[in-house]
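# Structural features, examined
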There are 2 protein chains.
Amino acid sequence: MGDVKREVARAINLMSDNDLRVTPEREAVLEVLAENIGAHPSAEDIYLATMERHPGIGLATVYRTLDALERVGIVSKLELGASGSRYELNTDVGGHFHHHLICIGCGRITEFNQDLLEHLEKEIEDSTGFQITDHSLRFYGYCAKCREAAKGGETSRS
Amino acid sequence: MGDVKREVARAINLMSDNDLRVTPEREAVLEVLAENIGAHPSAEDIYLATMERHPGIGLATVYRTLDALERVGIVSKLELGASGSRYELNTDVGGHFHHHLICIGCGRITEFNQDLLEHLEKEIEDSTGFQITDHSLRFYGYCAKCREAAKGGETSRS
DNA sequence: GTCTATATGAGAATGAATATCACTTTCGAT
DNA sequence: ATCGAAAGTGATATTCATTCTCATATAGAC
């Protein structure tokens, strides 16, 4: 789902605009990212998927590509302590104001759209002098599936 | 600032309550944590400071202690992708509803108290079926000091 | 096509965090 | 107070994600 070609073309334009060279390796990575929107793949996941499309690509190149794409805003990196980071293509639609719901049962990551933080950021800047350039809001807990799977246990909790 | 002895005593009680053994090593780590509230030290920082109080302690013990203390809620671990995690004693006062302002200039971490998320959590649980057990809200940007130091550059940004 | 800065692949290196294992200590039961 | 099983410790090896190194290859401006 989603227009893979369109997203890749858009990303390639952004690369040129930012003086990043467009190489076959980077295109392959972009295609993988565009085909996996919402999946939040790890660098390893992306590496393995890119291998099928561009055999011989090195893991280091995947990391370098993701890093370069992140620096110019084409991808977002979601840093999860241990267990490595996850990456996602910043789609045209969708905007940047989504936060993550991270299931501590199965590890699945889903998204939640919300703009509420704008107001809070202004309040923080005024009261602390801290100039905010980015934020990260995550919720940890159990997704519907994992709750289902755990049925039979205690349902209420004080 | 802050009552180190009181915080350590409180933490030790919590340890007993949670079947964690109270060892000299753990007490030393707790003292270091209580003396560094607000400093957000890394495991290495804590290790070095604890060494002065309890020479011979191993780095692994510091990690194990921090991990054990986190599991029972005595300390909070702030995971920062690379550059390792930071730790903080959960003080009696202060509560758990503070978020972090992380300066990408100097790395300093400060706090911001806010309760706004309660309402949002309920909304998410109702609309997605995701049962939230914890959350993490961080703001990245430049602290007042770093902004000061950078004076003279561009002030506005589209 | 030429040229030069940039990208790539392979594998070594890094660094935070964890595992291993023999030894020691805590703390409840006696 | 002492005993003993369970838990904790120190030293160090190990893991694993990520980055670095360096020789080679290629993109893209001219």
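Residues numbered from 1 in each chain as written. Chains lettered and ligands numbered in written order. Predicted model: local features only at pLDDT ≥ 70, side-chain atom pairs only at ≥ 80, totals over all residues. Heavy atoms only, no water.

Moving on, we get to the protein's contact with DNA strand C. If you check the shell around DNA strand C, you find 18 residues, and the closest are A:Thr23, A:Thr61, A:Arg64, B:Val22 and B:Tyr63. Between DNA strand C and the protein, one listed contact pairs a phosphate oxygen with a side-chain N or O atom of B:Tyr63 at 2.6 Å. B:Ser85 places a polar main-chain atom, nitrogen or oxygen, 3.0 Å from a phosphate oxygen of DNA strand C. When contributions to the surface near DNA strand C are tallied by element, the ones reaching two or more residues are helix 2 (24–35) and helix 4 (59–71) of chain A together with helix 4 (59–71) of chain B. Of the residues assigned to the surface near DNA strand C, the class counts are six nonpolar, six polar and six charged. (Near = heavy atom within 4 Å. Polar contact = N/O pair within 3.5 Å; in protein donor to acceptor, adjacent residues only side chain to side chain. Helix = DSSP H or I, 4+ residues; strand = E, 2+ residues; numbered from the N terminus. Nonpolar A, V, L, I, M, F, W, Y, C, P; charged D, E, K, R; others polar.)

As a further point, take the interface of chain A and chain B. Contact residues are listed per partner, giving 35 residues for chain A and 35 residues for chain B. When chain A packs against chain B, close to 3100 Å² is buried across both sides, 67% of that on carbon and sulfur atoms. Considering only the surface of chain A that becomes buried against chain B, A:Phe130, A:Phe139 and A:Tyr140 emerge as the three largest contributors, covering 20% of it. There are zero salt bridges connecting chain A and chain B. (Contact = heavy atoms within 4.5 Å. Buried area = accessible area lost by both parts, 1.4 Å probe. Salt bridge = Lys/Arg side-chain N within 4 Å of Asp/Glu carboxyl O.)

On to helix 5 (residues 117–128) of chain A. Taking 1.5 Å as the rise per residue, helix 5 of chain A with 12 residues should run 16 Å; its terminal C-alpha atoms sit 16 Å apart, in good agreement. Regarding helix 5 of chain A, the residues found buried are A:Leu117, A:Leu120, A:Glu121 and A:Ile124. Viewed along the axis of helix 5 of chain A, the buried residues span an arc of 105 degrees, placing them on a single side of the element. Facing away from the buried side of helix 5 of chain A by over 90 degrees, the exposed positions are A:His119, A:Lys122 and A:Asp126. On its buried side, helix 5 of chain A packs onto strand 3 (98–103) and strand 5 (131–142) of chain A together with strand 3 (98–103), strand 4 (109–113) and strand 5 (131–142) of chain B. Taken from the residues just after helix 5 of chain A, A:Gly129 is the one with a positive phi, measuring 80 degrees. (Expected span 1.5 Å × (residues − 1). Buried < 20%, exposed > 50% of the residue type's maximum accessible area, 1.4 Å probe, protein only. Arc of directions from axis to C-beta.)

Residue and element names in this part refer to chain A. On domain assignment, one finds that chain A holds domain 1 (1–92) and domain 2 (97–150). The gap between the C-alpha centroids of domain 1 and domain 2 is 23 Å. Contacts between the two partners involve seven residues from domain 1, matched on the other side by seven residues from domain 2. Summing the contributions of domain 1 and of domain 2, the shared interface buries around 580 Å²; its carbon and sulfur component is 53%. For domain 1, the biggest contributors to the area lost against domain 2 are His-40, Leu-78 and Glu-88; these three give 61% of the whole. At the junction of domain 1 with domain 2, the criterion picks out zero salt bridges. Summed over the shared surface of domain 1 and domain 2, the result is four residue pairs in polar contact (both at pLDDT 80 or more). The residue makeup of the side of domain 1 that touches domain 2, split by class, is two nonpolar, two polar and three charged. (Domains from an automatic or database assignment.)

Time to look at the pattern of salt bridges. All told, the structure shown has 12 salt bridges over all chains when counted by the stated rule. Here the salt bridges do not stand alone but share partners, grouping A:Glu31, A:Glu35 and A:Arg53 into one network.

On to the nonpolar core, then. Generally speaking, soluble globular proteins have nonpolar side chains that are buried together. Judged by nonpolar contacts, the single largest core of 24 residues is most densely connected at A:Phe139 and B:Phe139. For this core, the elements supplying multiple residues, two or more each, are strand 3, helix 5 and strand 5 of chain A together with strand 3, helix 5 (117–128) and strand 5 of chain B. Every residue in contact with B:Phe139, bar those within four places of it in the chain, is listed here: A:Leu117, A:Leu120, A:Glu121, A:Ile124, A:Phe130, A:Ile132, A:Asp134, A:His135, B:His100, B:Leu101 and B:Ile102. (Core = buried A, V, L, I, M, F, W, Y, C linked by side-chain atoms within 4.5 Å.)

Turning our attention to the sheet that holds strand 3 of chain A. A sheet is described by the order of its strands in space; here six strands give the open sequence 4(A)-3(A)-5(A)-5(B)-3(B)-4(B), paired in mixed fashion. Among the strands making up the open sheet, the edge pair consists of strand 4 (109–113) of chain A together with strand 4 of chain B. Ignoring strand direction, the axes of neighbouring strands in this sheet form an average angle of 30 degrees. Where strand 3 of chain B lies against strand 4 of chain B, five bridges are found, and the strand directions are antiparallel. Pairing of B:His100 across the sheet is with B:Glu111, part of strand 4 of chain B. Of the strands in this sheet, strand 3 and strand 5 of chain A together with strand 3, strand 4 and strand 5 of chain B touch helix 5 of chain A, which is tilted by about 130 degrees from strand 5 of chain A. Contacting strand 3, strand 4 and strand 5 of chain A together with strand 3 and strand 5 of chain B, helix 5 of chain B runs over the sheet at an angle of about 125 degrees to strand 5 of chain B. (Pairing = 2+ DSSP bridges. Axes fitted to C-alpha atoms, helices over the stretch in contact; angles between N-to-C directions.)

All names here are of chain A. All buried positions along helix 3 (residues 43–53) are accounted for by Ala-43, Ile-46, Tyr-47 and Thr-50. One side of helix 3 carries all its buried residues, which in axial view fall inside an arc of 100 degrees. Packed against the buried residues of helix 3 are helix 2, helix 4 and strand 2 (86–89).

Moving on: the side chain of B:Thr50. Here B:Thr50 lies in helix 3 (residues 43–53). Residues contacting B:Thr50, with those up to four places away along its chain left out, are B:Ala28, B:Val29, B:Val32 and B:Ile57.

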